[in-house]
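Given next are the chains, with one letter for each unit.
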Amino acid sequence: MVNKSRAGLADDYLTRQQRALADAVDADGGTGDGGRSFRLAEHLAAEGGVHRSDVLAATALFLAYTAFREGNVDAALGFARRLRGLDPDSVQLVFHLMRLEVGREQGWLPRPQYDELMAYAWRENRLDLALRAGDIQARDVGPGQAPTGWWARLERNLCPLLA
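Calculation criteria
Residues numbered from 1 in each chain as written. Predicted model: local features only at pLDDT ≥ 70, side-chain atom pairs only at ≥ 80, totals over all residues. Heavy atoms only, no water. 1 Å grid on protein atoms, 1.4 Å probe; cavity = no way out; pocket = protein on both sides within 12 Å on 5 of 7 lines; lining within 4 Å. Points joined across faces, edges and corners; volume = space filled by probe spheres on them. Helix = DSSP H or I, 4+ residues; strand = E, 2+ residues; numbered from the N terminus. Buried < 20%, exposed > 50% of the residue type's maximum accessible area, 1.4 Å probe, protein only. Contact = heavy atoms within 4.5 Å. Axes fitted to C-alpha atoms, helices over the stretch in contact; angles between N-to-C directions. Parallel < 35°, antiparallel > 145°, perpendicular 65-115°, else oblique. Left-handed = near helix turned anticlockwise from the far one by under 90°. Nonpolar A, V, L, I, M, F, W, Y, C, P; charged D, E, K, R; others polar.

Peer 1: Tell me about the layout of surface pockets, and please be specific about residues and values.
Peer 2: Looking at the largest pocket, its volume works out to about 620 Å³. Around the largest pocket, the lining comprises 23 residues; the ones closest to its centre are Asp54, Val55, Ala58, Phe62 and Leu97. When residues of the lining of the largest pocket are traced back to their parent elements, those giving at least two are α1 (2–29), α3 (52–69) and α5 (88–106). In terms of residue count, α3 provides more of the lining of the largest pocket than any other element does, 7 residues in total.

Right, here's the structure in full:
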């Protein structure tokens, strides 16, 4: 009984830390250098048992997204450069997370992108990604039929910087 209680408290604590990080990203993303967000990401990685580089890469991606959404392209590019400097496996993970969000936003992905996402999920044993991609349709589309929306625009603008 005590272990369940402690586990619940730990989960609640991590949930509060994740919310604090999301709030910091929202506040830092439009302007600034993301300092508070990265400090909270470091803390979350240490407390939550998450791979440090993964959480920093995701933080950089979401800061870039927030800056991009608010029209601050220079800040978005700066966060993308910071993302590129992290562990390549973490960068690859957030690339596929971004692709996943593009598909979830649209409800579909071009078949080659969908196939890459699913191949990554199975190769890296990321059942969570495969399950989240379950509602995304793979479509055979022509060259002028690219996904649209915030995530798709972010992907088109940031992915060349991650290569």
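Here the narrative resumes, following the displayed structure.
Peer 1: Before we move on, could you go through the environment of histidine 96 and cite the residues and values that matter?
Peer 2: By secondary structure assignment, the location of histidine 96 is in helix α5. Take histidine 96: its relative accessible area is 5%, and that puts it in the buried class. Along the sequence, histidine 96 and tyrosine 114 sit 18 residues apart, while their C-alpha atoms lie 9.9 Å from each other. Apart from the residues within four sequence positions on either side, histidine 96 is in contact with Glu116, Leu117 and Tyr120.

Peer 1: Requested: an account of the packing of α3 against helix α4 (residues 73–84), with residues and values cited.
Peer 2: Contact pair α3 / α4: the axes reach a minimum separation of 8 Å and the direction vectors enclose 165°. In terms of their interaxial angle, α3 and α4 are classed as roughly antiparallel. You can see that α3 and α4 cross each other, and the crossing is left-handed. Residue-level inspection shows Ala57, Ala60, Leu61, Leu63, Ala64, Ala67 and Phe68 of α3 in contact with α4, the latter providing Ala75, Ala76, Phe79, Ala80 and Leu83. Among the residues making up the contact of α3 with α4, the classes are represented as 12 nonpolar, no polar and no charged.

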